[in-house]
Amino acid sequence: MLPYTYLLLIAIPFIGAALTPLVGHFFPRAKGWFAVACAALSAVVVVSIIPDVWNGYTPGYTYLWNDAIGLNLTFYIDALGLLLALIATIIGLLVVIYSVKYMETDEKKYNLSRYYSLVLLFIGAMVCLVLTDNLLVLYFFWEIVGLCSYALIGYYYDDPKAAKAGMKAFVTTRVGDAFLLIGIIVLYWQTKSFNIQEIILAVETGSISVSSFALPGACFILGAIGKSAQIPLHVWLPDAMEAPSPISALIHAATMVNAGIYLILRVMPIFIDVQYWLLAIGIIGGVTMLITAIQALVEIDLKRLLAYSTISQLAYLMLAASFGVTYGLFSSSFHLLVHGTFKALLFLCAGAIIHSVGSRSMMDMGGLKNKMRYTFWMTMFGAFALAGIFPFGGFWSKDLIFASALKTSHYLFFIVAAFTALLTLLYTLRMIYLVFYRKRDDEVEAHDPSIIMLVPLFILGIGALTLGFFEHTLLHFFTNSNMHVEVVEGLEYFISVGASITIMVIGFLIFRYYVHNRDKLIALSKSGITSSLYSAASNGFYFDRFYLWLIGGLLATGRTVYHKFDIGATDRFCYETVAGGTIKLGQKFRHAQTGDLNYNMVGIVIGAILVTILIFLPSIIDFLMGGV
Amino acid sequence: MTEYLNAYTLLVLILILIGLYCLISKRNMIKMIIGIEILSKGVTLNFIATGYGGIAQALVIVVIVIDVVIVAIALSLIVNAYTHHGVINLKKLKRLRG
């Protein structure tokens with residue numbers, strides 16, 4: 001660990017974010033590389049912590065800020081936090097390098113200082129979010145990453161679609177955030193502590209009863225599903241694809257959306273004994289992965305397809321988390337790492353394709369295999385990892401999840417996960433087919449991106465290919481930082497591998513049928529009962545419509561209350577009765593003000609005489625009485 | 001009440017009444033200022049007549065000084081009104097009425 005690591009963790013990205021506009025002002029061409037340097041330094045600092053955690057330390061540090069209310073900047077670095085910090089900084093670095101070329105064309109219209117500044121702010125906030133031990137500080141950085149997400153989704157601020165998508169993401173995640181804050185406060189009220197490790201210790205030693213944790217537990221789940229885009233708060237992520245592609249790769253695939261899963265994994269030891277807590281997570285994950293995988297099957301927008309796929313894969317993490325600490329925590333973290341890598345790769349590849357073709361619809365692509373050779377291969381690497389094909393990363397991490405489901409006797413979840421894996425394979429193959437293989441009558445102009453954009457793709461591609469083999473290395477990290485995790489071996493694992501291979505074979509057979517009978521299938525999707533299913537899936541199963549109805553109803557109610565109460569009662573009383581009455585009274589008295597000085601003088605004299613009489617009244621009465 | 005009835009009080013009453021009459025009946029602003037002066041001289045005389053000792057005398061000196069200030073300011077207003085409107089008759093200045 002470097003000296004001053006804790007200071008550097010915060011200082012480098014945040015000072016970098018503050019300095020980027022300044023650098024951009026004096027050296028407009030250098031700001032991209034300045035951001036690359038900052039991201040690289042952050043990555044170095046985070047990487048320097050690896051040996052400590054490997055050797056079994058859990059570095060911690062507390063900066064006393066306001067100890068009286070428990071608000072301290074506390075660091076607690078264990079394998080889980082370090083894993084997410086590594087993903088955030090290393091993928092962050094690759095994405096910033098990619099952006100230098102990708103965003104070049106936007107320099108004139110949109111000042112790129114804003115872009116790099118927000119990306120650095122995001123990386124710093126994400127690292128602090130996962131390394132802090134204090135729930136309030138966590139919430140603080142949780143909001144900063146949400147803010148960066150909002151600002152970067154609406155990066156093309158003159159595009160109303162992008163601005164609306166940013167607003168939607170902000171408002172939707174806000175629902176979860178509000179619940180998370182309630183959960184944190186209720187938990188503090190019950191345990192008198194914001195420190196996660198302290199609370200875990202208190203729960204494990206039994207000094208606090210978990211029977212009252214149902215409310216904060218539910219609030220933490222709601223906070224997590226808002227951030228990680230799980231049903232029913234998943235609607236913002238597909239729309240968030242209005243962001244530039246590198247942002248989709250970094251924030252909406254690899255890092256920020258994992259924050260919710262991270263929160264669940266982090267607080268799992270606290271709530272694990274709360275009844276139905278794990279089951280609720282599992283059900284949310286299971287439902288989400290199925291529904292969004294079906295939506296991905298019918299989507300024609302390349303980036304939205306990947307967004308649905310992200311939600312579906314995040315649901316795998318939720319599902320895996322529901323298997324408990326021993327088997328769930330590690331399989332979830334492992335898939336988190338693998339998914340972050342291959343999904344960032346897929347988004348960056350999609351960015352390269354969209355950049356070259358000029359459209360996001362897969363109907364405008366097709367036959368790109370020979371025109372974008374390197375991008376094609378890298379997309380294949382990412383797609384195979386996503387579909388879970390041997391020997392790519394997704395194969396190993398999904399098998400671990402299947403095996404954990406079997407080991408912990410969650411057979412229904414196993415079936416759901418396996419069926420979703422089949423759907424995943426299908427939509428991945430469909431995407432590859434539509435973009436790269438489909439024959440077109442007309443030619444699509446496309447070419448490989450420049451070397452600066454290809455280098456991050458290659459690095460992530462190698463990661464997608466090889467990360468699956470580092471399962472036991474990662475396990476060593478986890479067991480060394482006081483986590484009682486195990487990987488499943490033996491019979492359950494072999495059943496899972498068998499299931500994966502069966503899924504692969506079935507998937508390829510169905511896909512073969514799809515390619516040969518595509519016209520027939522398209523016709524089928526427009527008739528009968530299948531057409532209603534098709535339109536339901538392509539309309540996002542009407543979640544958006546439901547929310548519009550709900551919000552429309554709320555707005556209408558609000559408008560009625562406004563008209564009836566605010567305008568009808570309050571305004572009428574204040575404006576018409578009070579103010580109007582005063583004006584009318586003034587109009588009446590106005591005639592007394594003649595402006596004639598002599599007339600006023602008479603008034604003064606009369607007044608003076610009256611006052612004199614009043615003063616001398618006792619004397620006068622005395623005088624008169626005395627006279628008698 | 002009878003102890004107030006002496007020559008001084010009578011003169012004070014006469015002066016105040018003259019001043020008030022002047023303020024009520026005259027339209028000419030110069031004449032009104034003379035009225036104010038007569039009024040205030042009545043008040044001053046009342047102080048001298050009823051008060052004894054240093055405090056009354058000190059107050060009277062202050063009143064006289066303030067009188068002079070009032071006259072100075074009022075005259076400057078009148079001069080300005082005359083240069084702007086060419087009249088010193090209050091009836092003709094009534095369009096200033098708010």
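Small disclaimer: the values here were computed from a predicted structure and weren't measured.

**Quick word on the overall build of chain B**
Moving on, step 1. When its secondary structure is counted, chain B shows three helices and zero strands.
Moving on, step 2. Taken from the N to the C terminus, the helices and strands of chain B come in the order α-α-α.
Moving on, step 3. Looking at chain B residue by residue over its 98 residues, the buried ones come to 10%.
Moving on, step 4. Summarising the internal contacts of chain B: among those between residues at least 6 apart in sequence, 46% fall at separations of at least 24.

**Digging into the overall build of chain A**
Moving on, step 1. Looking only at helices and strands, chain A features 25 helices and two strands.
Moving on, step 2. Within chain A, buried positions represent 47% of all 628 residues.
Moving on, step 3. For chain A, restricting intrachain contacts to residue pairs at least 6 apart in sequence, the fraction spanning at least 24 positions comes to 81%.

**Observations concerning helix H1 (residues 7-25) of chain B**
All names here are of chain B.
Moving on, step 1. The end-to-end C-alpha distance of H1 is 27 Å, a good match for the 27 Å that 19 residues give at a rise of 1.5 Å each.
Moving on, step 2. Those residues of H1 that fall on the buried side of the exposure criterion are Val-12, Ile-16, Gly-19, Leu-20, Cys-22 and Leu-23. Around the axis of H1, the buried residues are gathered within 160° of arc, so they sit on the same side. Turned more than 90 degrees from where H1 packs its buried face, Ala-7, Leu-10 and Ile-14 sit exposed.

**Quick notes on unusual backbone geometry**
Residues and elements named next belong to chain A.
Moving on, step 1. Note that the residue after Ile-231, namely Pro-232, is joined by a cis bond; omega there is 5°.
Moving on, step 2. Inspection of the secondary structure puts Pro-232 in the loop between helix H9 (214-227) and helix H10 (236-239).
Moving on, step 3. Cis geometry is found at the peptide bond from Phe-390 to Pro-391, where omega equals 0°.
Moving on, step 4. By the secondary structure assignment, Pro-391 is in the loop between helix H16 (373-387) and helix H17 (393-407).

**Looking at the domain arrangement of chain A**
Moving on, step 1. The domain boundaries assigned to chain A delineate domain 1 (288-538) and domain 2 (599-628).
Moving on, step 2. Placing a centre on the C-alpha atoms of domain 1 of chain A and another on those of domain 2 of chain A gives a separation of 103 Å.

**A closer look at the packing of helix H4 (residues 79-102) of chain A against helix H11 (residues 245-254) of chain A**
Residue and element names in this part refer to chain A.
Moving on, step 1. Following both chains from N to C, one finds H4 and H11 inclined at 165°, their axes separated by 9 Å at the closest point. Our classification of the angle between H4 and H11 gives roughly antiparallel. The way H4 lies across H11 gives a crossing that is right-handed. Within the contact between the two elements, H4 uses Ile-87, Ile-91, Gly-92, Val-95, Tyr-98, Ser-99 and Tyr-102 and H11 uses Ser-245, Pro-246, Ala-249, Leu-250 and Ala-254.
Moving on, step 2. Of the residues belonging to the contact of H4 with H11, the class tally is nine nonpolar, three polar and no charged.

**What to know about H9 of chain A**
Residues and elements named next belong to chain A.
Moving on, step 1. Taking 1.5 Å per residue as the helical rise, H9 with its 14 residues ought to reach 20 Å, and the 20 Å between its terminal C-alpha atoms agrees with that figure.
Moving on, step 2. Of all 14 residues making up H9, 11 are buried, and the element is well covered by its neighbours.
Moving on, step 3. Pro-216, Gly-217, Cys-219, Phe-220, Ile-221, Leu-222, Gly-223, Ala-224, Ile-225, Gly-226 and Lys-227 are the residues of H9 that are buried.
Moving on, step 4. In this structure, the buried side of H9 is in contact with helix H7 (160-191), helix H12 (258-271) and helix H13 (277-298).

**Digging into the environment of Leu-263 of chain A**
Residue and element names in this part refer to chain A.
Moving on, step 1. With respect to the helices, strands and loops of the structure, Leu-263 is situated in helix H12.
Moving on, step 2. Given 25 C-beta atoms within a 10 Å radius, Leu-263 is considered buried.
Moving on, step 3. Residues Leu-263 and Phe-220, spaced 43 residues apart in sequence, show a C-alpha to C-alpha distance of 7.8 Å.
Moving on, step 4. Contacts of Leu-263, omitting those with residues within four sequence positions, involve Phe-220, Gly-223 and Ala-224.

**Focus on the pairing of strand S2 (residues 71-76) of chain A**
Residue and element names in this part refer to chain A.
Moving on, step 1. Bridge count for strand S1 (residues 60-66) against S2 is five bridges, and the pairing is antiparallel. Note on S2: the bridge partner recorded for Tyr-63 is Leu-73.
Moving on, step 2. Counting the residues between successive antiparallel strands, the hairpin from S1 to S2 contains four residues, one of them, Gly-70, with a positive phi of roughly 75°.

**So, the confidence of the model for chain A**
Moving on, step 1. Here chain A averages 86 in pLDDT, while 100% of its residues score no lower than 70.
Moving on, step 2. Of all helices and strands in chain A, the one with the weakest mean pLDDT is helix H23 (residues 528-538) of chain A (76), whereas helix H6 (residues 135-153) of chain A scores best (91).

Reading guide: rules and limits
- Per chain, residue numbering runs from 1 following the sequence as it is written.
- Labels follow written order: the first chain is A, the first ligand is 1, and so on.
- Reporting of local features is limited, given that this is a predicted model, to residues whose pLDDT is at least 70; pairs of side-chain atoms are given and counted only at 80 or more, and all residues count toward the totals for whole chains, interfaces and linings.
- Runs of E in the DSSP output that reach at least two residues are strands. Runs of H or I that reach at least four are helices, and both are numbered from the N terminus.
- With C-beta atoms placed from the backbone, a residue is buried if 20 or more other C-beta atoms are within 10 Å of its own, exposed if 12 or fewer are, and partly exposed between those counts.
- Throughout, a residue-residue contact means that the two C-beta atoms, derived from backbone geometry, are no farther apart than 7 Å.
- Each residue after the first adds 1.5 Å to the expected span of a helix.
- Here the arc refers to the directions that run from the helix axis out to each C-beta atom.
- Throughout the structure description, domain borders are defined by an automatic or database domain assignment.
- For helices, the axis comes from a line fit to the C-alpha atoms of the stretch in contact; other axes are also lines fit to C-alpha atoms, and the angle between any two N-to-C directions lies between 0 and 180 degrees.
- Relative orientations are named as follows: roughly parallel for angles under 35 degrees, roughly antiparallel for angles over 145 degrees, roughly perpendicular for angles from 65 to 115 degrees, and oblique for any other angle.
- Definitions for this section: a left-handed crossing has its near helix turned counterclockwise from the far helix by less than a right angle. A right-handed crossing has that turn clockwise.
- Only Asp, Glu, Lys and Arg are considered charged, only Ala, Val, Leu, Ile, Met, Phe, Trp, Tyr, Cys and Pro nonpolar, and every remaining residue, Gly among them, polar.
- At least two bridges found by DSSP between two strands is the condition for calling them paired.
- Summary of the metric used: pLDDT quantifies the predictor's per-residue confidence within the range 0 to 100.

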